[in-house]
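Close look at the chain arrangement
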Amino acid sequence: MTTGTGLMSPVRAQGLAPTTTMRGGANNYRPGAPIVDRIGGGGFMMSGTVRRAGDGAPLAGIRIQIWAHTTEGRERDTRSHGATLTNADGVFQLEMPQIVPTFGQPHGHLAYDSGDFQTVFLRPVMANSRDTSLSAHFVLQPA
């Protein structure tokens, strides 16, 4: 994008920076968690977006793995893990049981680990343990 002076806007010139892995994001990670319609009985919604670094284009068909300590299981339990795919707009969502605090914080774990882009692990913390949804957003750098 150019400004009125004909110079490139710094935001566009640099592009959209990739997401960096968060500390603790890979805790209790299980490679190859299956794609599921829902984890457990549901009641809590994990959602977000996936975009490409640089131009910010939405990425369709991207596998995102999700796991958490919930009312139905601990982070390390196989039944607490599942994966979903992004839609044409780069949006994903997966219903799961209510997240509950562990280590003093209610948080979820999400991972992109499929190989076309650099692996990213996220560990977003909920503002309130009574919240019934949490969002996380990925900006992926090609591998």
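The structure reproduced in this document is the subject of the present report. The structure presented is a predicted model; accordingly, all values stated were derived computationally and were not measured. (Residues numbered from 1 in each chain as written. Predicted model: local features only at pLDDT ≥ 70, side-chain atom pairs only at ≥ 80, totals over all residues. Heavy atoms only, no water.)

1. Details of the packing of aromatic side chains
As a reminder of what qualifies: Paired rings are identified among Phe, Tyr and Trp, the last through its six-membered ring, by centres lying within 6.5 Å, and are further divided according to the angle between planes into stacked (under 30 degrees), edge-to-face (over 60) and tilted (the rest). Numbering of helices and strands starts at the N terminus; helices are DSSP runs of H or I of at least 4 residues and strands are runs of E of at least 2. Each residue gets one of three labels from its accessible area relative to the maximum for its type: buried under 20%, exposed over 50%, partly exposed in between, using a 1.4 Å probe on protein chains only.
Tallied over the full model, the rule gives 4 aromatic pairs. With centroids separated by 5.8 Å and ring planes inclined at 50°, the aromatic side chains of tyrosine 29 and tryptophan 67 adopt a geometry described as tilted. Of this pair, tyrosine 29 sits in the loop between α1 (10-14) and β1 (44-52) while tryptophan 67 sits in strand β2 (residues 63-68), and the two are 38 residues apart along the sequence. Its relative accessible area of 23% is what places tyrosine 29 among the partly exposed residues. With a relative accessible area of 0%, tryptophan 67 lands in the buried category.

2. Examining the nonpolar core
Applicable threshold: To form a nonpolar core, buried Ala, Val, Leu, Ile, Met, Phe, Trp, Tyr and Cys residues must be joined to one another through side-chain atoms within 4.5 Å. Residues count as neighbours in contact if any of their non-hydrogen atoms are within 4.5 Å of one another.
Counting 23 residues, the largest nonpolar core has Ile64, Leu110, Phe138 and Leu140 as the members making the most contacts within it. Counting only elements with at least two residues in this core, the list comes to β1, β2, β4 (91-96), β5 (108-112), β6 (120-122) and β7 (133-140). Element by element, the count of residues in this core is highest for β7, at 4 residues. Contact partners of leucine 140, with chain neighbours within four places excluded, come to Val50, Arg51, Arg52, Ala53, Leu59, Ile62, Tyr112, Phe117, Gln118 and Val120.

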